[in-house]
Every structure is written in C-alpha cells, then in structure tokens.
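If you want the building blocks of each chain, they are given just below.
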Amino acid sequence: MTSGWWGADLIASKGRFLPSLESRLSHNRQGTSSPILSKTRGLVRTNQSYSMDTNLNWSLVSGGRNLSTLKAEKISKQMAELNYERTRQDVALKVAERYLACLKARRMVEISEQALERSKAQLERTEALFRVGSVPRADVLGQKVQLGTERLKLIKARMDYKEAVADLLFILRIEPRGQELELRDIEIDLTYEHIGFKEALQRALENLRLAEERYRLGSGILLDQITASVQLREAEADHVSALYDYMLARMRLKNAMGTLESQRR
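Quick caveat: nothing in here was measured; it's all calculated off a predicted structure.

Once that is clear, we can look at the overall build of the protein. Helix and strand content of the protein: five helices and two strands. When its helices and strands are written in sequence order, the protein yields α-β-β-α-α-α-α. Looking at the protein as a whole, 28% of its 265 residues qualify as buried. Put simply, 75% of the contacts in the protein that link residues at least 6 apart link residues at least 24 apart. Carbon and sulfur atoms make up 56% of the accessible area of the protein, which totals about 18400 Å².

Here it is, written out as structure tokens:
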C-alpha cells in the first residue's frame, strides 16, 4: 500500500516534464490505380499507398501548471502515507487493548481461584472448630455463605475472560474453534514496582494470617477473618488492575506520539 495509487500519480506528474513521441502509420486504397516508382520493381501501377508520420513534442513553457501539479501530487503522497501510518498505529493499539484485557481477565480468574481455595480451607477449619465446640454453628453457616460468594465471583471471572478472548479473536479476524488461547505476559519496567502495591499485598496477607490465628485461638470472630480474606482479594485485584491499566496508558501514549509500531519493525 505504501507504493500504491499515489505513487503512480506522482510518476505521471513527473512525466509531464519529459518530451513525448508520437508515431502514426496510415494506409490508403484508391478506386483507380496510379503509377509509383518502386526501388526494386521500377515504375509500377497500384491503387494502395502508405504513409508514416513521427512527431516529437516537448513543452518548454506551461505557465507553471505542470510544476504545481507535481507539488500537489507530492503533498497528496505525503498525506496518504501519514494516513496509512496513522491507521497502522490505531489498529496496533486496538489489538494491544484487547490483548491486555485478556491478560487482565486471566489474572482475575487466578485471583478468584485462589480466593475460593482459601475460603474452602477456612470452612474446613471452622467445621473442625465447631466439632470440638470452640465456635457456634452460625460461624459454619457464615463461612459457607462466603464460600458460595467466592464461587459466584469465580464464575463471573471466567465469563469475563471468555468474553475478552472472543473480543481479541474478533479484532484479529480469527474464527473461534474452542481452542485454548496461549497468552504471553508482557514485561513491565521495574520502576513500576516501586509504587507500593507489593507492600499493600504483604500487609493484606499479614492481616489475614493474624485474623485466622486469632479466630483459631478463640480471641477473634469469624467476621474479622472473612473481612481480612475479602481485603486480600481486593488488594490482589487492585494490583492487577493498576498493573495492566498502567501498561495500557503507556501504549496509548506511544500511539498518540506515533511510536507504538516503530519498535516492532
């Protein structure tokens, strides 16, 4: 496309500055014959005649019209190339957005799976404490409710991931056939890790550990344990959202600067 129609128009405009050669061959047949002199046969009579004309034209002065046309074609070529590059950048950004959405949705599924496993383990410990009479039956029921909530969140996370994959395949014009999509994560600048999300995750993990320990020893309540577990899940989700939103913001900035595709060439 970079050597498309605008290239042909530019060549045509340059051609107006070159001389043009015209040649014409004509044939005439008469009703009566007439004598002509032949180099090989002498004087002969024939009713046919042939002629050939050749003209060489070169326009020396065109009032600047050809020069203006050439300049206009050069500008048109530059504009077409810029529009083509702009389209490349926009398409690359759309693909990047869909791809990042898939990565983010996949991580959300992993977070939901981990939260569900924690909830199952908490329910087992609560039931064990109930059997020895350390906690009331209401705690067991409350933990089962929390387990059901985590299952619903996992179902939603998986549906969001499938939708993100479908959006990516659509923009890539790939027919979905139920195959597992292999996604490779994107490397992040180490400077991003200094924002403080790691510290928030470590604090949430420590809060959950303390809440579970206090509940096991009888000095804490189930609500504190559930709250700490939910806060850990939210901290992990916030970390993932911020991470991929940061990458998306950087790609949008590169797209605005026209450098999103340059690093891939």
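This brings us to helix H3 (residues 137–171). An ideal rise of 1.5 Å per residue puts 51 Å on 35 residues; H3 measures up with 52 Å between its terminal C-alpha atoms. Directly beyond the C-terminal end of H3, a positive phi value near 60° is found at arginine 173.

As a further point, take unusual backbone geometry. A positive phi angle, near 60°, is found at arginine 173, a position not held by glycine. Since its relative accessible area comes to 66%, arginine 173 is described here as exposed.

All right, on to a nonpolar patch on the surface then. A cluster of nonpolar side chains, namely Leu152, Ile155 and Met159, defines an oily patch on the protein surface of about 340 Å² accessible area. Mapped onto the secondary structure, leucine 152 falls in helix H3.

Here the focus is helix H4 (residues 197–217). Look at H4: 30 Å from first C-alpha to last across 21 residues, which is about the 30 Å you get at 1.5 Å a residue. Among all positions of H4, only Leu201, Ala204, Leu208, Ala211 and Tyr215 are buried. Down the axis of H4, the buried set is contained in an arc of 90°. They therefore lie on one face. Facing away from the buried side of H4 by more than 90 degrees, the exposed set consists of Gln202, Arg203 and Leu217.

Throughout the structure, instances matching the rule amount to 12 salt bridges. A salt bridge links glutamate 212 to arginine 125, with the nearest nitrogen and oxygen atoms 3.0 Å apart. In this pair, glutamate 212 is assigned in helix H4 and arginine 125 in helix H2 (residues 65–131), connecting sequence segments 87 residues apart. Accessibility expressed as a relative area gives 37% for arginine 125, which makes it partly exposed.

With that settled, the discussion passes to the nonpolar core. By size, the foremost hydrophobic cluster in this structure holds 25 residues, and its most contacted members are Leu100, Cys102, Tyr161, Leu183 and Tyr244. Counting residues per element, the ones that place at least two in this core are H2, H3 and helix H5 (222–257). At 10 residues, the largest contribution of residues to this core is made by H2. Not counting chain neighbours up to four residues away, the residues in contact with tyrosine 244 comprise Leu100, Leu103, Lys104, Arg107 and Asp185. Listed in part, the seven residues of the second largest apolar core include Leu201, Leu208, Ala211 and Ala228.

Turning our eyes to something else, we now look at the packing of aromatic side chains. Scanning the entire structure with this criterion turns up zero aromatic pairs. In this arrangement the basic side chain of arginine 173 is found over the ring face of phenylalanine 170, its NZ or CZ atom lying 5.3 Å from the centre.

On to the side chain of glutamate 236. Take glutamate 236: it is sitting in helix H5. With near-sequence residues (within four places) excluded, glutamate 236 lies in contact with Ile111, Gln114, Arg118 and Leu201.

So, how was this worked out
Residues numbered from 1 in each chain as written. Predicted model: local features only at pLDDT ≥ 70, side-chain atom pairs only at ≥ 80, totals over all residues. Heavy atoms only, no water. Helix = DSSP H or I, 4+ residues; strand = E, 2+ residues; numbered from the N terminus. Buried < 20%, exposed > 50% of the residue type's maximum accessible area, 1.4 Å probe, protein only. Contact = heavy atoms within 4.5 Å. Areas by Shrake-Rupley, 256 points an atom, 1.4 Å probe, with all protein chains shown as cover. Expected span 1.5 Å × (residues − 1). Patch = residues over 30% accessible without salt bridge, like charges linked within 9 Å, V, L, I, M, F, W, Y side chains within 5 Å. Salt bridge = Lys/Arg side-chain N within 4 Å of Asp/Glu carboxyl O. Arc of directions from axis to C-beta. Core = buried A, V, L, I, M, F, W, Y, C linked by side-chain atoms within 4.5 Å. Phe/Tyr/Trp six-rings, centres within 6.5 Å; stacked < 30°, edge-to-face > 60°. Lys NZ or Arg CZ within 6 Å of the ring centre and 35° of its normal.

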